Amino acid sequence: MAEKVCPKHGPYDASYATCPYCQAEAGGGRPAAPMPLDDDMPTDLGAGPVGGQGGGYGFNDDDAPTEIGPGRGAGFLDLDDEDETSLGRMNRLDETEIEFVDTGAQGLLWVKEGNRRGRVLKIKNGTVVGRSEGDMILDDPKVSNPHAKFTLEDEVFIIWDFGSKNGTFVNGEKIRAATELKENDTIKIGDTTFVLKTLL
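Residues numbered from 1 in each chain as written. Predicted model: local features only at pLDDT ≥ 70, side-chain atom pairs only at ≥ 80, totals over all residues. Heavy atoms only, no water.

Asker: Hey, could you run me through the sheet that holds strand β11 (residues 168–170) in this one?
Answerer: Two orientations exist for strands paired in a sheet by backbone hydrogen bonds: parallel and antiparallel. Here 6 strands make up an open sheet; going across it, the order is β6-β5-β15-β14-β11-β12 and the pairing antiparallel. Two strands in the sheet have a free side with no partner beyond their single neighbour: β6 (120–123) and β12 (173–174). The pairing of β11 with strand β14 (residues 186–189) spans 3 bridges and is classified as antiparallel. Paired with Val170 across the bridge in β14 is Ile187. (Pairing = 2+ DSSP bridges. Helix = DSSP H or I, 4+ residues; strand = E, 2+ residues; numbered from the N terminus.)

As structure tokens, this is what we get:
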């Protein structure tokens, strides 16, 4: 398509005798076109020369609009503390809006010895350990089915043995009844040794 160039508005369709944008400004009824870009005007991809000088383009640090807020340049809305953004409420943290859940004591068993060495397993009130049944499965012929159970009473973990063939050991001693556990106690079930970590 052939084009003519208006010194004020830039290129336009050559089928017009004169610049249609100039005609619109004179009352011709056609909507005015955007101003042509020159080296000093900001574009969609950046801004005019930094500091008003020729050369590289970029935003001055304090004036640059970002995805989470505007710069100080004209044409950007100023956000206040109540404005919502896509990243959440700006400059506000109202503690009444945060809901805290009391989960009580949490128990973690760190595998010190055994084929799962280095792993961490979570326990809770009622966790049952067994060879093929229960909440925690230990594929070990020395583990009974079920073998032991963890309960939680007054934020203290207790371990129970179900009368297993090879027994359950706490700190090297075979337990005969329900036994309270403390932080860093060792628990041996079959060939696996755990260290208890509690989060209160």
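Asker: Is there a simple way to think about the sheet that holds strand β13 (residues 179–180) in this case?
Answerer: Read across the sheet, 5 strands follow the order β8-β7-β9-β10-β13 without closing on themselves; strand pairing throughout is mixed. Lying at the two open borders of the sheet, with one neighbouring strand each, are β8 (136–137) and β13. Judged from the 6 bridges that link them, strand β9 (residues 148–153) and strand β10 (residues 156–161) form a sheet pairing that is antiparallel. Bridge pairing in β10 links Glu153 to Val156.

Asker: What exactly am I supposed to notice about the pattern of salt bridges here?
Answerer: Oppositely charged side chains can form a pair if their charged atoms are brought close together. Applying the stated rule across the entire model yields 1 salt bridge. Measuring nitrogen to oxygen at the nearest pair gives 3.1 Å for the salt bridge that ties Lys142 to Asp191. Highlighted residues: Lys142 in the loop between β8 and β9 and Asp191 in the loop between β14 and β15 (192–199), separated in sequence by 49 residues. Given the relative accessible area of 40%, Lys142 is considered partly exposed. Under the relative-accessibility criterion, Asp191 is labelled partly exposed at 41%. (Salt bridge = Lys/Arg side-chain N within 4 Å of Asp/Glu carboxyl O. Buried < 20%, exposed > 50% of the residue type's maximum accessible area, 1.4 Å probe, protein only.)

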